[in-house]
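If you want the building blocks of each chain, they are given just below.
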Amino acid sequence: MRTVTGLVLACAAVAALSGCAIEDAICADGEYPVMTVGSTGRACTPEDEDPPKGYVRYPEGKVPEKVGDKWDVYWETHAVDEKGEIITVPAAG
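The rules behind the values
- The numbers attached to residues start from 1 for each chain and follow its sequence in the written order.
- In keeping with the predicted nature of the model, local features appear solely for residues at pLDDT of at least 70, side-chain atom pairs appear and are counted solely at 80 or more, and the whole-chain, interface and lining totals rest on all residues.
- Values shown for side chains rest on all heavy atoms present in the structure; no hydrogens or waters enter the calculation.
- A pair of aromatic rings is counted whenever rings of Phe, Tyr or Trp (Trp by its six-membered ring) have centres within 6.5 Å, and the orientation is called stacked for planes under 30 degrees apart, edge-to-face for over 60 and tilted otherwise.
- Three exposure classes are used, based on accessible area relative to the maximum for each residue type with a 1.4 Å probe and protein chains only: buried under 20%, partly exposed in between, and exposed over 50%.
- Lysine NZ or arginine CZ positioned within 6 Å of the ring centre and within 35 degrees of the ring normal marks a charge as sitting over the ring.
- For every residue, the pLDDT score states the predictor's confidence, bounded by 0 at the bottom and 100 at the top.
- Working rule for contacts: check all heavy atoms of both residues, and any pair within 4.5 Å makes them a contact.

## Details of the packing of aromatic side chains
Link 1 in the chain: Taken as a whole and assessed by the stated rule, the structure comprises 3 aromatic pairs.
Link 2 in the chain: A ring pair is formed by Tyr74 and Trp75, whose centres lie 4.9 Å apart and whose planes are at 85°; its orientation type is edge-to-face.
Link 3 in the chain: For Tyr74, a relative accessible area of 23% puts it in the partly exposed group.
Link 4 in the chain: One aromatic cluster is present, built from ring pairs that chain together Tyr58, Trp71, Tyr74 and Trp75.
Link 5 in the chain: If you follow Arg57 out to its NZ or CZ, it ends over the ring of Tyr32, 4.1 Å from the centre.

Here's what the structure looks like:
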């Protein structure tokens, strides 16, 4: 058990020092990401349900899968309006 714990800690230290990060999934298994209409908010919805009121699915081919991936970063400054058009929104911060 000590060897396994030591190995896990060593791997974590190497990842931290090398700048590598373990990518976190946007949603859990059995869920898909949805975005708020007109803003950059998001949530996760069970795969067998439609998005809740005020949310829509991400456009096909532009769905963020991991925190910090290309589409996750893109949707920080973009949204879908009530007409389904992609709009630019001010960056938060």
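## Here we look at the confidence of the model for the chain
Close inspection of predicted coordinates is inappropriate in any region flagged by low pLDDT.
Link 1 in the chain: Here the chain averages 83 in pLDDT, while 73% of its residues score no lower than 70.
Link 2 in the chain: Contacts for the low-pLDDT stretch residues 3-11, under 50 throughout, to residues beyond four places or in other chains number 0 contacts.
Link 3 in the chain: Note that pLDDT drops below 50 for residues 13-20; the model gives that stretch 1 contact with residues more than four away or on any other chain.

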